[in-house]
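Structure at a glance
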Amino acid sequence: MSDATDARAREIMCANDRGGYTVPTARLYPHQWNWDSAFAALGFATFDLDRAWTELETLFEAQWPGGMVPHIVFRRDDDDYFPGIAEWGVERDPPTSGISQPPVAASVALDLYRQDPGAGEARLRALFPRLLAWHRWYRSARDPDGTGLVAVVHPWESGRDNSPDWDRAMSRMRVADLPAYTRRDTGHVAAELRPTQGDYDRFMTIVAHGRACGWDDEVMRTSCPLLVIDPATTFIALRADRDLAAIARIVGDEAVAREREAAAAHAAGGVRALWSDASGAYLARDVRTGASAGTVCIGAFTAFYAGLGSPALAGTLTRMLDRVSYALPSADPASESFDPRRYWRGPVWPQMNYLVGRGLAESGHADLAARLRDDLATLIADTGFHECFSPLDGTGTGGGDFTWTAALWLHWAAPSARSGR
Ligand code: GLC
């Protein structure tokens, strides 16, 4: 059974390969996405390490001169996806979106290198200055107060589109007078599984703002309709800075190694400000109002991935797991905003369970890590390679034949992956 599931996972990855880059899934997401490509690389590395490096390299071809690595790379226009090239208004070759996504690529590059240092060294050296430029951009453009905490200018920048993390900030936002538009996502997936129309009007309000200012970092910082500190992007960037320091030592750049270690240490000091004793977790915070999001979401638990977990956080995580039947849900089942099938408001996401699970395994919580991994394996083996899953009854939700679900099966959840990690 497991051999057949492994074979199916490889088949999905190859079918989603558009030649050097992989789409997350056909039709719903027909372009190259930033962190999807990084997770795809982990999957490719289980059967084609050369192709894994290529996935990261094509992503960085789209890097902006200021260091930003965009969240979508448009190799061609495609009516299946909205907002497309025209709405983002980025006149670059290739065209891209105007925002970024959580910086997991340095950590993935380090994994690929460690798998085969001989094969990876030249490719790691070539990527190193690009990774560095991106990490420096994150600190200068998205850490508005120099606290080490990373703020996102759009929910899409966090990779967790309609998470309750953004509810308060989104509800404060004045929706712009937008030209009429047609969503494409609800043509591919049932509307009740996707963000609401109110969410989309706000998503598009921010896109219109960014396009109007040419995605200028300073204007986005001072007047973007949304600016929220995201615990997950903060923890992922912190881990990525440590991993980039390790890469810097491999390529012999001690000054950069120290620079990135200092950035990570500074961030580790800053995150205390996001801790809520009442919730037993790190919470998102609106930069404009200082208000906390007030609700526990999965991003909090990436603290383990950054080596900053605690017994209190493990307790909160355990309580969340005990309220569902499968794996770690994206939002707290005890909260009013919980919806087991609507995208980031409850479903189990493979890549988040992987990041948290890896962090748990690395920080002495082997049992909790195994619970996340075994549950994800059961969900995939029983129902297929869905984008995400209901944590209550295990049904698949979102898109099907999904690249990162296949990739993380091969890299992490599959029985065949377990000898390695
Ligand atoms: C959705 C997800 C985001 C992902 C993208 C492509 O927008 O929220 O995390 O990168 O789809 O899969």
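Residues numbered from 1 in each chain as written. Predicted model: local features only at pLDDT ≥ 70, side-chain atom pairs only at ≥ 80, totals over all residues. Heavy atoms only, no water.

Below, the discussion takes up the overall build of the chain. Regarding its fold elements, the chain presents 17 helices and nine strands. The globule rule puts the C-alpha radius of gyration for 421 residues at 22 Å, and the 20 Å found for the chain is close to it. The principal-axis extent of the C-alpha atoms belonging to the chain is close to 55 × 50 × 45 Å. When each of the 421 residues of the chain is scored for burial, the buried share is 61%. Considering only contacts in the chain between residues 6 or more positions apart, those separated by 24 or more positions represent 70%. Carbon together with sulfur atoms contributes 48% to the accessible area of the chain, which is approximately 14,700 Å² in total. (Helix = DSSP H or I, 4+ residues; strand = E, 2+ residues; numbered from the N terminus. Rg over C-alpha atoms; globule rule 2.2 N^0.38 Å. Buried < 20%, exposed > 50% of the residue type's maximum accessible area, 1.4 Å probe, protein only. Contact = heavy atoms within 4.5 Å. Areas by Shrake-Rupley, 256 points an atom, 1.4 Å probe, with all protein chains shown as cover.)

Here the focus is the site of the ligand. The environment of the ligand is made up of Pro-24, Tyr-29, Trp-33, Trp-35, Asp-36, Gln-101, Gly-159, Asp-161, Tyr-343, Trp-344, Phe-402 and Trp-404. Between the ligand and Trp-35 there is a distance of 3.1 Å, counted from an oxygen atom to a side-chain nitrogen or oxygen. Here an oxygen atom of the ligand sits 2.6 Å away from a polar atom, N or O, in the side chain of Asp-36. Most atoms of the ligand, that is more than half of them, are within 2 Å of grid points of the largest cavity. Class assignment for the residues of the shell around the ligand results in eight nonpolar, two polar and two charged. (Near = heavy atom within 4 Å. Polar contact = N/O pair within 3.5 Å; in protein donor to acceptor, adjacent residues only side chain to side chain. 1 Å grid on protein atoms, 1.4 Å probe; cavity = no way out; pocket = protein on both sides within 12 Å on 5 of 7 lines; lining within 4 Å. Sits in = over half its atoms within 2 Å of the grid points. Nonpolar A, V, L, I, M, F, W, Y, C, P; charged D, E, K, R; others polar.)

Following the criterion strictly, the structure yields zero disulfides and no others. Here Cys-213 is not disulfide-linked; the sulfur of Cys-224 is the nearest cysteine sulfur, at 7.8 Å. Not engaged in a disulfide, the cysteine Cys-388 finds its nearest cysteine sulfur in Cys-297; these two sulfurs lie 14 Å apart. (Disulfide = S-S within 2.5 Å.)

Rolled over the atoms, a probe with the dimensions of a water molecule shows which regions are left empty. All chains considered together, the criterion is met by six cavities of 30 Å³ or more. The volume enclosed by the largest cavity comes to roughly 210 Å³. Contributing to the lining of the largest cavity are 19 residues, with Tyr-29, Trp-33, Gln-101, Asp-161 and Tyr-343 lying nearest its centre. Of the residues in the lining of the largest cavity, the class split is 12 nonpolar, three polar and four charged. Computed from the structure, the second largest cavity encloses a volume of approximately 50 Å³. Forming the walls of the second largest cavity are Asp-165, Trp-166, Arg-168, Ala-169, Val-228, Ala-284, Arg-285, Asp-286, Ala-291, Ser-292 and Ala-293. Taken together, the residues of the lining of the second largest cavity break down into six nonpolar, one polar and four charged. (Points joined across faces, edges and corners; volume = space filled by probe spheres on them.)

Okay, helix H14 (residues 311-322) next. In a regular helix each residue adds 1.5 Å, so 12 residues correspond to 16 Å; H14 covers 16 Å between its end C-alpha atoms and thus fits that length. Elements in contact with the buried residues of H14: strand E5 (275-276), strand E6 (281-282), helix H15 (350-362) and helix H16 (366-383). (Expected span 1.5 Å × (residues − 1).)

Right, let's talk about the environment of Ala-40 for a bit. The residue Ala-40 is located in helix H2 (residues 34-44) in this model. For the pair Ala-40 and Ala-407, spaced 367 residues apart in sequence, the C-alpha to C-alpha distance is 5.4 Å. Leave out the neighbours within four places in its chain, and Ala-40 touches Met-13, Glu-55, Thr-403 and Ala-407.

Between H15 and H16, the shortest axis-to-axis distance is 8 Å and the interhelical angle comes to 155°. Relative to H16, the element H15 lies roughly antiparallel. In the crossing of H15 with H16, the sense of the turn from one axis to the other is left-handed. Mapping the contact onto sequence places Pro-350, Asn-353, Val-356, Gly-357, Leu-360 and Ala-361 in H15 and Ala-366, Leu-368, Ala-369, Leu-372 and Leu-376 in H16. Here the residues of the contact of H15 with H16 sort into nine nonpolar, two polar and no charged. (Axes fitted to C-alpha atoms, helices over the stretch in contact; angles between N-to-C directions. Parallel < 35°, antiparallel > 145°, perpendicular 65-115°, else oblique. Left-handed = near helix turned anticlockwise from the far one by under 90°.)

Cis geometry marks the peptide bond from Phe-82 to Pro-83; its omega dihedral reads 0°. For the bond running from Asp-93 to Pro-94, omega is 0°, close enough to zero to count as cis. Relative to the assigned elements, Pro-94 resides in the loop between helix H4 (85-88) and helix H5 (105-115). Backbone geometry places Arg-27, a non-glycine residue, at a positive phi of 70°. In this fold, Arg-27 is placed in the loop between helix H1 (2-15) and strand E1 (32-33). On the accessibility criterion, Arg-27 (48% relative accessible area) is partly exposed. Positive phi, normally seen in glycine, also occurs at Ala-327, with a value near 55°.

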